[in-house]
Every structure is written in C-alpha cells, then in structure tokens.
Amino acid sequence: MSSIIQLLPDHVANQIAAGEVVQRPASVVKELLENAVDARATDIKLIIKDAGKALVQVIDNGLGMNVTDARLCFERHATSKIRQAEDLFSLHTKGFRGEALASIAAIAHVEMKTKQDQQELGTQIVVEGSKFMSQEVAVLPKGTSFAVKNLFFNIPARRNFLKSDTVEYRHIIDEFQRVALAHPNIYFTFYHNGSEMFNLPSASLRQRIVTIFSGKTNEKLVPVQEETEIVTIQGFVSKPEFAKKNRGEQFFFVNDRFIKSGYLHHAVMAAYDGILKDGAQPSYFLYLTVPPNTIDINIHPTKTEIKFDDEHALYAILRASIKHSLGQFNVSPVLDFDRDANLDTPYSYKDAKGETPTIQVDSTFNPFSDDKVNKHYSSYKKPESTANWESLYVGLKQDSDVFTSNTDFSFETDEVTGSLFNDEEVEQAVHNSYQIHKKYIVSPIKSGMVIVDQQRAHQRVLYEQFLTNMTVHQASSQQLLFPLDLFFSSTEMDLIEELKLSLVNTGFVFEETNSDHVVISGIPVNVTESEVSMVLEQLLSDLQDGIPESSFSQNDTIAKSMAKSLAVKTGTTLTIKEQENLVNGLFACKDPNVSPFQKPTFITMRVEDLDKKFAL
C-alpha cells in the first residue's frame with residue numbers, strides 16, 4: 001500500500017500558520033509595530049488605508065537589515081530574537097517565533113524597504129503570496145518600511161469574513177494604543193486615509209495616557225507605585241467617580257507587553273470593593289515588571305496570555321498596592337469615627353521639615369496701668385426697644401364691630417371630625433397587583449393570575465416608546481437649565497458623530513461637539529439629567545462591534561440600548577400605582593410577550609394549574 005502522508009509545501013504551511021497569526025488587519029498592525037519596537041526605533045509611523053484592507057504600512061528608523069537578513073526574514077521560524085529554547089525564559093523582545101512575516105507574506109502583497117545605518121544602499125523586496133517577485137538595490141533612509149497591501153487576496157473566504165471598515169478600524173486603534181502606551185519614549189504617528197489620527201511625541205507615561213485618551217483623563221488618574229522582590233508595579237488607576245459601565249480603558253502590561261488577565265482584573269476590582277457603583281468598571285493603566293524566568297509567554301499565538309509562577313502573591317500585592325494608593329490620595333473612605341480629618345497630614349508634606357513657630361509679644365502691655373483692662377473687649381448689651389409693643393396696634397379700630405366678646409372662634413388645635421365625603425360614598429381601594437421579591441408583579445386575571453418580570457416588561461414599554469418617537473412622532477426634548485459637558489475618548493467621539501442624527505431624533509439636543517467632549521442642552525423626556533452619562537456609555541458599549549448600516553437598524557439598536565439602561569432594575573420597590581401602570585403599559589404594547597431582547601416578559605398561571613399542584 002502506497003504512503004499517504006506528505007510534507008506540505010511551504011506556501012501552504014504558511015497560509016495555515018497565517019490563520020492563527022493574522023486574523024484581521026489589526027493583527028498585521030500589531031506584528032509590524034512590535035517588530036519596529038524590537039528594532040530599537042525611536043520614531044514609528046503607521047499608515048492605514050480602508051481600515052487596513054487596502055494598505056497597512058509601518059515605517060521606522062530602527063536598525064534595519066542587510067541583504068541576507070532582508071531575504072531570510074520571510075522564511076518560517078527565522079528570527080533574530082532567540083537562539084535556543086532556554087532563551088524563551090529570558091525574553092526582552094516582543095517577538096520570538098519567527099512566524100509573523102512569513103504568515104503575512106503568504107496572504108498579502110508585501111513590499112519591504114530596509115537599510116542599515118553604516119550601509120550606503122538599502123534593499124527593496126516585493127513578495128506576493130510567498131513568491132519573491134523582485135529584489136533590488138535602492139537608495140533609502142535608515143530603518144525599515146513594510147507595506148502590506150490587499151490582505152487575504154488569495155483567500156477570498158477569509159476576506160469575506162472581515163467586518164465593516166468601522167469595526168476593523170477600531171481594532172487597529174486598539175492595537176496601536178496598546179503598543180503606544182507600552183512605549184511612551186517612542187514617537188508614534190498614525191494616519192488613516194490621508195488624515196492624521198494620532199501624533200504622540202516622546203513623553204512621560206502620564207502625558208502619553210492623557211494625549212491618547214483626551215485631556216479630561218488627567219484629573220481622574222491616581223498614581224500607583226510598589227516595589228517588591230516578586231514584582232515592581234507602577235502606573236495609574238482611576239478615581240471611583242469616573243468609573244464607566246463598559247470595560248474600555250483597562251490595560252495590563254507585563255515587561256512592556258500588553259496582556260489580558262481575568263485573574264489580575266479581579267484583584268483590581270477587589271481593591272475597589274465597596275467604593276464602586278454596581279456594574280461600574282474602573283479604568284487602569286498598570287505596568288508590572290517581573291523577572292523573565294518567572295513567566296511563560298509562549299502559550300498563545302497572539303501572546304496576550306501569560307502564565308505566572310506565583311499568581312497568588314501577585315494578586316495580593318496588586319490588590320494591596322491599589323488600595324494603598326486610593327487611601328493615600330483620600331479617594332477611599334476611612335472607617336475611623338474617632339479620626340479628625342483636620343488633623344491629617346497632607347501626603348505632599350510627608351517629607352517636609354518642621355519650622356520653628358514665630359511668637360509675637362506686645363512689649364507695651366502693662367496689666368497695672370490706669371487704662372481699663374478690657375478696653376479692647378466689648379460687652380454685649382441688649383438694645384433697648386425703641387417703641388412699646390402696643391404701638392404695633394396703633395391705628396386699628398377698637399370698635400365693637402371688629403372685636404366682639406360673643407364671636408365664636410375656631411382653633412387649629414380643635415379636632416376636626418368632619419369629612420369631605422360620606423362614608424358610603426368612599427370606595428374602598430382594592431389591590432389588583434402585588435410585588436414579589438422586588439422582581440415580579442403578580443396580577444389576578446379571570447382565568448388565574450399573570451406573573452410579570454418588572455425589568456423586562458419596562459424594557460418592552462420603553463423600547464416601543466423610543467422607537468415610536470424616532471420613527472413616527474417628532475421626539476420631544478426637555479431643555480436643561482445648565483448644559484451638560486461630557487468627555488469621551490477620540491474613538492467614542494467618532495461613534496457619537498456617526499450616531500448624532502439618530503440621537504437627535506430620540507430627543508437629545510447637542511449644543512456643541514468638539515474633539516474630546518460634547519455639550520448637551522436638551523435630553524429626552526424619559527431621561528433624567530443624572531442618567532444621561534450612563535445612557536450614552538451603555539450605548540457606546542453596545543456599539544463596540546459596529547454601527548448598523550441601515551437607519552432603522554440604528555434606531556432599533558439605540559432604542560434597545562436606552563431601554564436597557566433606563567428600565568427599572570430588579571430589586572426596586574414599586575408602589576401599587578407604579579405596578580398597575582407597568583402592567584397596563586405592557587399589555588398596551590404591540591408585542592407584550594417578549595422583551596426587546598427576545599426574552600419572555602410574563603407567564604400566566606391558571607386556576608386549574610394551581611388545583612393540580614394542591615391535588616398532589
């Protein structure tokens with residue numbers, strides 16, 4: 001029998017490997033930016049066209065490559081980062097597998113230009129689908145330029161699976177921000193379709209964070225600093241009052257590498273225990289430095305997951321250091337009722353030296369002088385009344401027609417025994433609904449009873465109201481006495497700009513829109529002023545995966561998001577009137593059976609069903 005196992009050709013193996021390494025244009029951006037950082041570049045430019053589908057180009061001023069390295073870098077498992085397996089436990093670079101460039105070249109058109117500083121001429125190589133098309137000598141500046149065009153040109157199925165340009169562009173921004181935050185000492189610039197999106201000069205860590213996430217970020221940052229034998233922690237966390245509903249600005253960096261860790265995130269949340277609103281998520285930018293031999297990076301192709309030797313100690317140190325910072329800067333409340341806050345020493349005075357107090361003495365003071373001792377003191381004397389109290393009544397007629405001794409007076413202290421209605425006219429109030437566990441409303445019906453989920457029912461009522469206002473009627477707004485000034489990141493501002501027309505249709509009135517904040521002077525009648533920020537944050541969170549193309553889908557998404565934010569929550573006590581209004585409002589809807597998210601809003605239980613239960 002003939003053998004059936006064959007060795008795959010290189011171009012096929014590279015395409016298979018590309019499935020893990022290159023999932024979307026953002027993956028290419030990540031790999032190329034990290035290569036530029038490993039090349040010790042101090043100035044890196046990222047150029048994007050059509051959300052990376054047409055072009056991803058990274059230009060750096062790093063070390064560059066000679067002719068041999070330029071050709072060899074596109075081969076699988078060819079790398080300058082490691083030499084042997086033991087090097088995996090002493091990594092100081094971003095990459096180490098040697099798969100990225102080979103995978104990218106297998107599914108795109110790649111043009112690379114590179115030159116080392118001591119060389120007069122550089123090398124230009126063109127690769128299309130793992131095939132070397134040309135290799136030429138060229139006059140180039142120091143550094144390397146990678147231009148990746150027509151991503152997935154030879155795998156149309158993968159190209160069809162890509163999301164809209166808006167979604168792919170947002171993923172690219174995420175990857176760019178992660179690399180830029182990890183290396184504040186490098187100058188980064190980012191261009192999309194010819195427009196400059198980010199210009200990040202070399203700066204301190206705090207300045208880099210503020211430059212990326214708008215100027216309002218500066219006032220909400222609390223510094224964290226801790227140094228132990230196991231780990232060195234530095235960075236910033238946000239004040240509790242700036243916590244958001246969505247998990248947006250949350251970054252962990254281990255040895256300048258962005259990672260995702262639910263375990264460390266839980267440590268941060270534990271540090272905020274008791275000082276955050278329900279469902280709120282704090283922002284944090286935390287940089288952990290650990291010995292390279294205590295972590296394992298080689299467990300996932302994207303290198304965003306890391307195994308630690310001693311996770312429990314890391315958890316405790318991280319939680320304690322954040323709690324310490326929140327307490328140092330008077331962010332976290334102190335449960336010490338005997339403590340006088342006026343006696344607290346400000347944190348900025350901890351290293352200050354004490355000064356000798358100055359004493360002033362009145363050398364002319366003589367207690368035995370003839371002058372009155374208390375001449376500087378004034379004694380209180382009750383002012384004399386200028387007129388008798390009887391003068392208040394001067395001019396009033398004292399005739400008997402005004403004050404008569406026979407007049408009957410009624411006093412407020414008298415017990416009022418009368419009633420507006422006769423007893424037989426007063427209709428006794430009948431409770432038609434009851435609330436159970438602050439979650440369900442039970443209302444009797446002819447055949448038995450109906451049990452309503454108050455949160456889902458209110459979502460359905462609000463959803464249909466918002467959708468009607470946006471599509472049928474002109475939305476009514478309530479004007480604010482003082483306009484609201486809300487700050488958002490650049491990515492969130494782009495989303496708000498795209499949704500502005502739909503939001504206006506719901507009742508929002510935008511007085512001003514800038515690059516990092518909006519001024520709102522009017523809000524929908526269903527929304528209170530304190531809920532505006534929460535509603536917009538929830539909406540932006542729901543639209544992280546992209547904005548629907550059609551206007552109806554946009555309106556539907558906005559209505560669902562606002563209904564979810566404003567609906568009465570489980571655990572809220574409702575009055576009898578509120579319960580009845582909610583039940584009546586639900587059954588007045590066009591589709592009362594399910595919530596906007598296709599979950600049942602109520603169930604009915606017949607008397608026969610109850611009889612069967614008791615018959616058992």
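Relevant structure appears above.
Please read all numbers here as calculations on a predicted model, not as lab measurements.

Undergrad: Give me unusual backbone geometry: which residues, what numbers.
TA: For alanine 51, which is not glycine, the phi dihedral falls at a positive 55 degrees. Structurally, alanine 51 can be placed in the loop between β1 (43–49) and β2 (55–60). Residue classification places alanine 51 among the buried positions, given a relative accessible area of 1%. Notably, serine 130 is not glycine yet its phi reads approximately 70 degrees, a positive angle. Structurally, serine 130 can be placed in the loop between β4 (122–128) and β5 (131–138). Overall, serine 130 belongs to the partly exposed group, its relative accessible area being 23%.

Undergrad: Account for the packing of aromatic side chains, naming residues and giving values.
TA: Enumeration over the complete set of coordinates arrives at 18 aromatic pairs. With a centroid separation of 6.2 Å and an interplanar angle of 40 degrees, the aromatic rings of tyrosine 169 and phenylalanine 190 are classed as tilted. With tyrosine 169 in helix α6 (residues 165–182) and phenylalanine 190 in strand β7 (residues 187–192), the pair connects residues that are 21 residues apart, well separated along the chain. Neither residue differs from the other here; tyrosine 169 and phenylalanine 190 are each classed as buried. Considering the side-chain rings of phenylalanine 190 and phenylalanine 198, the 6.0 Å spacing of their centres and the 5 degrees angle between planes classify their relative orientation as stacked. According to the relative accessible area criterion, phenylalanine 190 is buried, its value standing at 0%. Exposure remark for phenylalanine 198: the relative accessible area of 7% places this residue in the buried category.

Undergrad: Explain the side chain of asparagine 555 residue by residue, including any values.
TA: With respect to the helices, strands and loops of the structure, asparagine 555 is situated in helix α13 (residues 551–566). When near neighbours in sequence (up to four residues on either side) are disregarded, asparagine 555 contacts Leu467, Met470, Thr471 and Ser502.

Undergrad: A description of the pairing of strand β8 (residues 195–200) should follow, citing residues and the corresponding values.
TA: Where β7 meets β8, 5 bridges bridge the pair, whose relative direction is antiparallel. Each residue of the ladder has a partner; that of tyrosine 191, found in β8, is glutamate 196. In textbook terms, the turn of a hairpin is the stretch between consecutive antiparallel strands, and for β7 and β8 this stretch comprises 2 residues, one of which, asparagine 193, has a positive phi near 50 degrees.

Undergrad: Before we move on, could you go through the nonpolar core and cite the residues and values that matter?
TA: Core analysis: the biggest nonpolar cluster contains 60 residues, and Leu32, Ile44, Leu46, Phe74, Val148, Leu181 and Phe190 have the highest contact counts within it. Looking at which element gives the most residues to this core, the answer is α6, with 8 residues. In contact with phenylalanine 190, not counting residues within four places along its chain, are Leu46, Ile48, Tyr169, Ile172, Ile173, Phe176, Ser195, Glu196, Met197 and Phe198.

Undergrad: Give me the lowdown on the environment of valine 594, citing residues and values where you can.
TA: Turning to its location among the elements, valine 594 is positioned in the loop between α14 (576–587) and β22 (602–606). Sequence separation between valine 594 and alanine 457 is 137 residues, and the spatial gap between their C-alpha atoms is 8.1 Å. Beyond its immediate stretch of four places on either side in the chain, valine 594 contacts Arg460, Lys599, Pro600 and Thr601.

Undergrad: I'd like to hear about the sheet that holds strand β16 (residues 434–436), residue by residue, with values.
TA: The antiparallel open sheet is built from 4 strands, whose spatial order is β16-β17-β18-β22. Of all the strands in the sheet, just β16 and β22 have a single pairing partner and so form its edges. For this sheet, the mean angle separating the axes of adjacent strands, direction not counted, is 25 degrees. In the packing of helix α10 (residues 454–471) onto the sheet, contacts are made with β16, β17 (440–445) and β18 (448–453), and the angle to β18 comes to roughly 75 degrees.

Undergrad: Please set out helix α9 (residues 311–328) residue by residue, giving values where relevant.
TA: Since the α-helix turns once every 3.6 residues, residues separated by three or four places project in the same direction. Given a rise of 1.5 Å per residue, 18 residues ought to cover 26 Å, and the 26 Å separating the end C-alpha atoms of α9 matches this to within 8%. Buried within α9 are the following residues: Ala313, Leu314, Tyr315, Ile317, Leu318, Ser321, Ile322, Ser325 and Leu326. On the buried face of α9, the contacting elements are β9 (221–227), β10 (232–238), β11 (250–254), α8 (262–271), β13 (284–289) and β15 (307–308).

Undergrad: If you had to explain the sheet that holds β1 to someone new, which residues and values would you point to?
TA: One open sheet accounts for 8 strands, arranged β5-β4-β3-β6-β2-β1-β7-β8; its pairing is mixed. For this open sheet the edge positions go to β5 and β8, each flanked by a neighbour on one side alone. Pairwise comparison of adjacent strand axes, ignoring direction, gives a mean angle of 10 degrees for this sheet. Bridge count for β4 against β5 is 7 bridges, and the pairing is antiparallel. Following the sheet pairing, threonine 123 is matched in β5 by valine 137. On the sheet, helix α2 (residues 25–38) packs against β1, β2 and β6 (143–149) and is oriented at approximately 10 degrees with respect to β2.

Undergrad: Can you explain a nonpolar patch on the surface? Please cite residues and give values.
TA: A grouping of Leu121, Val137 and Val139 is seen on the molecular surface, where their side chains present a nonpolar patch of about 320 Å² in accessible area. Take leucine 121: it is sitting in the loop between β3 (109–115) and β4.

Undergrad: Tell me what's going on with the pairing of β11, and back it up with residues and numbers.
TA: The element β11 is extensively covered by neighbouring structure, given that 5 of its 5 residues are classed as buried. The side-chain alternation of β11 yields two buried faces, one formed by Gln250, Phe252 and Val254 and the other by Phe251 and Phe253. Relative to β13, β11 is paired through 5 bridges, and the arrangement is parallel. Paired with valine 254 across the two strands is leucine 288, which belongs to β13. Here β11 folds back onto strand β12 (residues 257–259) in antiparallel fashion, the turn holding 2 residues, of which asparagine 255 has a positive phi close to 50 degrees.

What counts, and where the lines are drawn
Residues numbered from 1 in each chain as written. Predicted model: local features only at pLDDT ≥ 70, side-chain atom pairs only at ≥ 80, totals over all residues. Heavy atoms only, no water. Helix = DSSP H or I, 4+ residues; strand = E, 2+ residues; numbered from the N terminus. Buried < 20%, exposed > 50% of the residue type's maximum accessible area, 1.4 Å probe, protein only. Phe/Tyr/Trp six-rings, centres within 6.5 Å; stacked < 30°, edge-to-face > 60°. Contact = heavy atoms within 4.5 Å. Pairing = 2+ DSSP bridges. Core = buried A, V, L, I, M, F, W, Y, C linked by side-chain atoms within 4.5 Å. Axes fitted to C-alpha atoms, helices over the stretch in contact; angles between N-to-C directions. Expected span 1.5 Å × (residues − 1). Patch = residues over 30% accessible without salt bridge, like charges linked within 9 Å, V, L, I, M, F, W, Y side chains within 5 Å. Areas by Shrake-Rupley, 256 points an atom, 1.4 Å probe, with all protein chains shown as cover. Salt bridge = Lys/Arg side-chain N within 4 Å of Asp/Glu carboxyl O.

As far as function goes, none of this settles anything; it's purely spatial.
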